[in-house]
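Summary of structural features
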Amino acid sequence: MAECVNDSDAESTIKYGDYVVLKRGDVFKSVQVENKKKVIFEKQWFFLDNVVGQLYRTMFEIEAGGSLKPKAVKRAGDSLDSKEAGQDNRHIVDDGRSQKLTRDDIETLKEQGLKGQEIVQQLIDNSTTFKDKTEFAQAKYIKKKKKKYESDITVLKPSARLLAMMYHGREPGKICHLRYDTLAQILTLGNIHAGSKIIVFETCAGLVLGSVMERMGGFGSVIQMYPGGGPARAGMESFGFPSHFHETLHDFPLCKVNALLAGTLDLTEKDADSQANSSRIGGSDSAQENSGVSEEKKSEPESMEVSVDPQEEMKRAERERLREQRAQEKKVKMEEKRKKLASAAALLEGRNADGLVIACRFHPCPVLMGLLKFLAPSRPFVVYCQYREPLIECYTKLREQGGAISLRLTDSWLRHYQVLPNRTHPVLLMSGGGGYLLSGTTVATDAAKARNQHKSEEPAAKRLKLDEISSSCDGSAKAISLV
């Protein structure tokens, strides 16, 4: 599959503290560039100090001692392709005796300092059947050996596509088996763009949240709804956004949504409880100290004067100072948390959000019904789920309740193609499924109710007219019979 090249990636250089994506073959890993940090990737270890100051998309090779060296540009004479090739492979027998080099010989070559390309050339020279293989079989053999013995690392700039491929290839369960083509559809169906206000509820390690923030470019507002004690943002941190991106991010706990909708949200309740707990804890500490002092005083004879050790007095004063400092820091953190919660609540209270994105491992129906109330009319929403049945329930509920139109339940099908001269064909191995998407557009609830009432009244009016016609027909029949 061809890789998307961004011109801005080649112009920017790597610095300490940046997040980068390492690529070797079809395997990716996200790391942060730190001084003298040992990185283990594909059973090899190395340091990233030499990548600082280099351009993104630079290829490095691992040298002895774990240092990285920029790989020289490949020249025409460095090719391993053989000029001699056979017509077909029908006479080649795979009996395991075509390679003269043993495993010990290959390890000896590595100890001698031979690079991966030189080892591959030795394997080609010591293969008795390589020249009899066809040109396509030789290219396949060289590619397989290069992947095994050449240790080339490419440093890439993080993007939604690369991180989605990394998570899906290494730990798909963390992102609910969300495939990168499905993630692209989520961003498109949700109409994510700069300057909008988007509500995001996801349990995909922050990948969907980071993708939304990347698409918005640091303009607008993103409100992350999170379950539990705090939001999960490991995937979002891997993007390495600048500081002004984080200023547009707000978080709000999902457990307070009902209170916010009912207008009974109290932002000072948790702080008061925390302050009460801290005062209770501090009171217990002081009580313990006072009790200890009193016991010491009781243990001393009353007639003797209590002698205070200067060192003990200094230690106690230091403990008091540290306790007050921790209490002050905790108070400041609680105040910052309260302000962030208040700002997120103010954004939600307007009920004028421009989009809703849900991608979670929970049942999405109650979450969708609650968060749809924060959207303005004529705004898109999209729900991702690994399974189809929960989205069918959401679809049925929305059709019954109203307030949404253009409901679509879709699944994506992806297949890679190898495009090479005389070798273009679909790849046999492919992903079994990329999940399901439910998308739609909100409408004003009052208009929907009026429309439903109008539709329900029409049959009643027709029935009345039919009843009148039948009654008139019966009356005329009676009159005719009387005559």
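Everything quoted here is computed from the prediction, not taken from an experiment. (Residues numbered from 1 in each chain as written. Predicted model: local features only at pLDDT ≥ 70, side-chain atom pairs only at ≥ 80, totals over all residues. Heavy atoms only, no water.)

1. Let's talk about the overall build of the protein chain
Secondary structure summary: the protein chain contains 15 helices and 16 strands in total. Split into buried and exposed, the 483 residues of the protein chain put 34% on the buried side. The contacts in the protein chain between residues at least 6 apart in sequence include a share of 70% that link residues at least 24 apart. Surface accessibility of the protein chain: about 29800 Å² in total, with carbon and sulfur atoms responsible for 52%. (Helix = DSSP H or I, 4+ residues; strand = E, 2+ residues; numbered from the N terminus. Buried < 20%, exposed > 50% of the residue type's maximum accessible area, 1.4 Å probe, protein only. Contact = heavy atoms within 4.5 Å. Areas by Shrake-Rupley, 256 points an atom, 1.4 Å probe, with all protein chains shown as cover.)

2. So, the confidence of the model for the protein chain
Residues at a pLDDT of 70 or more form 79% of the protein chain, whose mean pLDDT is 81. Within the model, pLDDT remains below 50 along residues 1-5, and this stretch shows 13 contacts once partners closer than five positions in the same chain are excluded. Residue range residues 270-290 is modelled with pLDDT below 50. Its contacts to residues more than four positions away, or to other chains, number 10 contacts. (pLDDT = per-residue confidence, 0-100.)

3. A look at the packing of aromatic side chains
Tallying each qualifying case throughout the model produces 5 aromatic pairs. Ring geometry for Phe239 against Phe241: centres 5.1 Å apart, planes inclined by 10 degrees, an arrangement best described as stacked. Its relative accessible area of 7% is what places Phe239 among the buried residues. Considering the side-chain rings of Phe241 and Phe245, the 4.9 Å spacing of their centres and the 0 degrees angle between planes classify their relative orientation as stacked. Relative accessible area serves as the criterion here: at 14%, Phe241 is assigned to the buried category. The exposure class of Phe245 is buried, given its relative accessible area of 11%. Through pairs of rings, three or more aromatic residues link up here, namely Phe239, Phe241 and Phe245. Over the ring of Trp45 we find Lys38; its NZ or CZ atom is 4.7 Å from the centre of that ring. (Phe/Tyr/Trp six-rings, centres within 6.5 Å; stacked < 30°, edge-to-face > 60°. Lys NZ or Arg CZ within 6 Å of the ring centre and 35° of its normal.)

4. Describing the sheet that holds strand E2 (residues 27-32)
Spatially, 5 strands are ordered E2-E1-E7-E5-E6 in an open sheet, and the strand pairing comes out antiparallel. Two strands in the sheet have a free side with no partner beyond their single neighbour: E2 and strand E6 (68-70). Averaged over all pairs of adjacent strands, the angle between strand axes in this sheet comes to 35 degrees, irrespective of strand direction. Looking at chain direction, strand E1 (residues 19-24) and E2 are connected through 6 bridges and run antiparallel. Its bridge partner being in E2, Val21 is matched across the sheet by Ser30. Each of E1, E2 and strand E7 (152-156) is contacted by helix H5 (residues 160-170), which is oriented at about 115 degrees to E2, the strand it contacts most. (Pairing = 2+ DSSP bridges. Axes fitted to C-alpha atoms, helices over the stretch in contact; angles between N-to-C directions.)

5. Quick notes on the state of the cysteines
Scanning all chains against the criterion turns up 0 disulfides. Looking at Cys360, it has no disulfide partner, and the nearest cysteine sulfur is the one in Cys385, 7.1 Å off. (Disulfide = S-S within 2.5 Å.)

6. Topic: the packing of helix H3 (residues 116-125) against helix H4 (residues 135-149)
Closest axis-to-axis distance for the H3/H4 pair is 9 Å, and the angle between their directions is 140 degrees. Judged by the angle between their axes, H3 and H4 are oblique. The two elements H3 and H4 meet at a crossing, and its hand is right-handed. Contact residues: H3 offers Gly116, Ile119, Val120, Leu123 and Ile124, while H4 offers Tyr141, Ile142, Lys145, Lys146 and Tyr149. Looking at the contact of H3 with H4 residue by residue, the classes come out as 7 nonpolar, 1 polar and 2 charged. (Parallel < 35°, antiparallel > 145°, perpendicular 65-115°, else oblique. Left-handed = near helix turned anticlockwise from the far one by under 90°. Nonpolar A, V, L, I, M, F, W, Y, C, P; charged D, E, K, R; others polar.)

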